[in-house]
Amino acid sequence: MNKDGEKANLSKVDHRVAILQSNYLPWRGYFDLIHDVDLFIFYDDVQYTHSDWRHRNKLMTRDGPRWLSIPAGHDLKRLICEVEIPDQSWKQQHRRIIEQNYRNAPFFKESEPLLDFLYENALTNLSDYNQRAIKYLSGILGIQTKFSDSRLLAVDGRKTERLVGILEKVGATKYISGPSARSYIEEPMFAEAGIELAYKEYPVYPAYQQCFSPFSPLVTVLDLLLCVGPQAPAYIWGKP
């Protein structure tokens, strides 16, 4: 779909909106935020930050949670959407690490198509890779939220001014922000624009049987999917 076509589909019926950078195989709280809104806008035309969730996440191992990191480099003079990883060897490396640690997970065999989707592709752009994976994982979790990209909306401005401009352009009536934004967001600007501002409050999600103990909640959603399979949504939005 071309840019004009995608912009045309952003209608006034999309009231609750979240705007957030794409992450590599995010934890279940990220998908909880997506589930909370009608429209989720990837915000990848902002500065890339190294040693952050953009290019890495954690999975469980015998030695506890371990970082799984895409070798995206240390150059901070780039936007997230400008980060290219020409060396594709990391994909098979990551897949091997997942297979080594989850081969005994209850739903490992059923998840082979998911691993194929994540690691059998030629994508070199970090933003394109993350967004594609997040949309696919959202589908597995049964999320019906629409997605867009801030680059398609062509809104300028600094920090909060730009966020409000994006929200106005898509007809948002409520903005759900990540909790860390409290420290820098200019709240009066939302009131002036007639947009309700709320901060996501992540609950204590139910524990489940992981491949290794002790239990760690702050790992990629892949851990949840491989361990509980079709019951995964219940461990985010309802009692298992």
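Note that this is a predicted model, so its numbers are computed, not measured.

J.: It is not clear to me how the environment of F108 should be interpreted in this structure. Could you clarify?
T.: Looking at where F108 falls in the secondary structure, it is placed in the loop between α3 (89–102) and α4 (112–119). Between the alpha carbons of F108 and G73 there is a distance of 31 Å; along the sequence they are 35 residues apart. If we skip the residues at most four places from it in the chain, F108 touches E99, Y102, R103, L115 and L226.

J.: Sorry if this is basic, but what is going on with the packing of α4 against helix α5 (residues 126–140) here?
T.: The axes of two packed helices give the description: the angle between them and the distance between them. Closest axis-to-axis distance for the α4/α5 pair is 10 Å, and the angle between their directions is 160°. When the interaxial angle is binned, α4 and α5 end up roughly antiparallel. Like other packed secondary-structure pairs, α4 and α5 cross with a definite hand, here right-handed. Residues P113, L114, F117, L118 and Y119 of α4 lie in contact with α5, whose contacting residues are Y129, R132, A133, Y136, L137 and I140. Grouping the amino acids of the contact of α4 with α5 by side-chain chemistry returns 10 nonpolar, no polar and 1 charged.

J.: Help me understand the sheet that holds strand β7 (residues 196–199), please; the structure alone is not making it clear to me.
T.: Note: strands within a sheet are paired through backbone hydrogen bonds, in either parallel or antiparallel orientation. Reading across the sheet, the 5 strands line up as β5-β2-β1-β6-β7 and stay open at both edges, with parallel pairing between neighbours. Two strands lie at the open edges of the sheet, namely β5 (146–149) and β7, each paired on one side alone. Pairs of neighbouring strands in the sheet enclose a mean axial angle of 25°, with direction left out of account. Taken together, the 4 bridges between strand β2 (residues 39–42) and β5 define a ladder with parallel strand orientation. Across the sheet, F42 pairs through a bridge with D149, a residue of β5. Here α5 sits on the sheet and contacts β2 and β5; the angle it forms with β5, its principal contact strand, is near 170°. Helix α6 (residues 159–169) rests against β1 (16–20), β2 and β6 (174–177) of the sheet, and its axis sits at about 140° to β1.

J.: Sorry if this is basic, but what is going on with the nonpolar core here?
T.: Generally speaking, a soluble globular protein has its nonpolar side chains buried in company with each other. Counting residues in hydrophobic clusters, the biggest one holds 73 residues, and the most contacted among them are I19, F31, F40, I98, L118 and Y119. Element by element, the count of residues in this core is highest for helix α8 (residues 221–228), at 7 residues. Setting aside chain neighbours within four positions, we find L118 in contact with L25, Y129, A133 and L222.

J.: Please clarify how the pattern of salt bridges should be interpreted in this entry.
T.: Note that side chains of opposite charge can pair when their charged atoms are close. All chains considered together, the criterion is met by 12 salt bridges. Between E99 and R95 there is a salt bridge whose closest N-O contact spans 3.1 Å. Of the two residues, E99 and R95 both sit in helix α3, 4 residues apart, roughly one turn of that helix. E99 gets classed as partly exposed once you look at its relative accessible area, which sits at 25%. Among the charged side chains, a network of salt bridges with common partners joins R95, E99, E112, D116 and E120.

J.: What am I meant to see in the pairing of β1 here?
T.: On a regular strand, each side chain points to the face opposite its neighbour's, so the side chains alternate between the two faces of the sheet. Here β1 pairs with β6 via 2 bridges, running parallel. Within the sheet, the bridge partner assigned to R16 lies in β6 and is K174. When β1 meets β2, the two strands line up parallel, connected through 4 bridges. By the bridge assignment, A18 is partnered in β2 with F40.

J.: Sorry, what's going on with the packing of aromatic side chains here?
T.: When we look at a pair of aromatic rings, we describe it by the centre distance and by the angle of the planes. Inspection of every chain in the model, using the stated rule, returns 16 aromatic pairs. Taking 5.7 Å as the distance between ring centres and 75° as the angle between the ring planes, the aromatic pair formed by W27 and Y205 counts as edge-to-face. Here the residue W27 occupies a position in the loop between β1 and α2 (28–36), and Y205 occupies one in the loop between β7 and α8, the gap between them amounting to 178 residues. By relative accessible area, which is 24% here, W27 ends up partly exposed. Here the aromatic residues Y30, F31, F40, F42 and F147 are joined through ring pairs into a cluster of three or more. The ring of W67 is capped by R56, whose NZ or CZ atom sits 3.6 Å from the centre of that ring.

What counts, and at which threshold
Residues numbered from 1 in each chain as written. Predicted model: local features only at pLDDT ≥ 70, side-chain atom pairs only at ≥ 80, totals over all residues. Heavy atoms only, no water. Helix = DSSP H or I, 4+ residues; strand = E, 2+ residues; numbered from the N terminus. Contact = heavy atoms within 4.5 Å. Axes fitted to C-alpha atoms, helices over the stretch in contact; angles between N-to-C directions. Parallel < 35°, antiparallel > 145°, perpendicular 65-115°, else oblique. Left-handed = near helix turned anticlockwise from the far one by under 90°. Nonpolar A, V, L, I, M, F, W, Y, C, P; charged D, E, K, R; others polar. Pairing = 2+ DSSP bridges. Core = buried A, V, L, I, M, F, W, Y, C linked by side-chain atoms within 4.5 Å. Buried < 20%, exposed > 50% of the residue type's maximum accessible area, 1.4 Å probe, protein only. Salt bridge = Lys/Arg side-chain N within 4 Å of Asp/Glu carboxyl O. Phe/Tyr/Trp six-rings, centres within 6.5 Å; stacked < 30°, edge-to-face > 60°. Lys NZ or Arg CZ within 6 Å of the ring centre and 35° of its normal.

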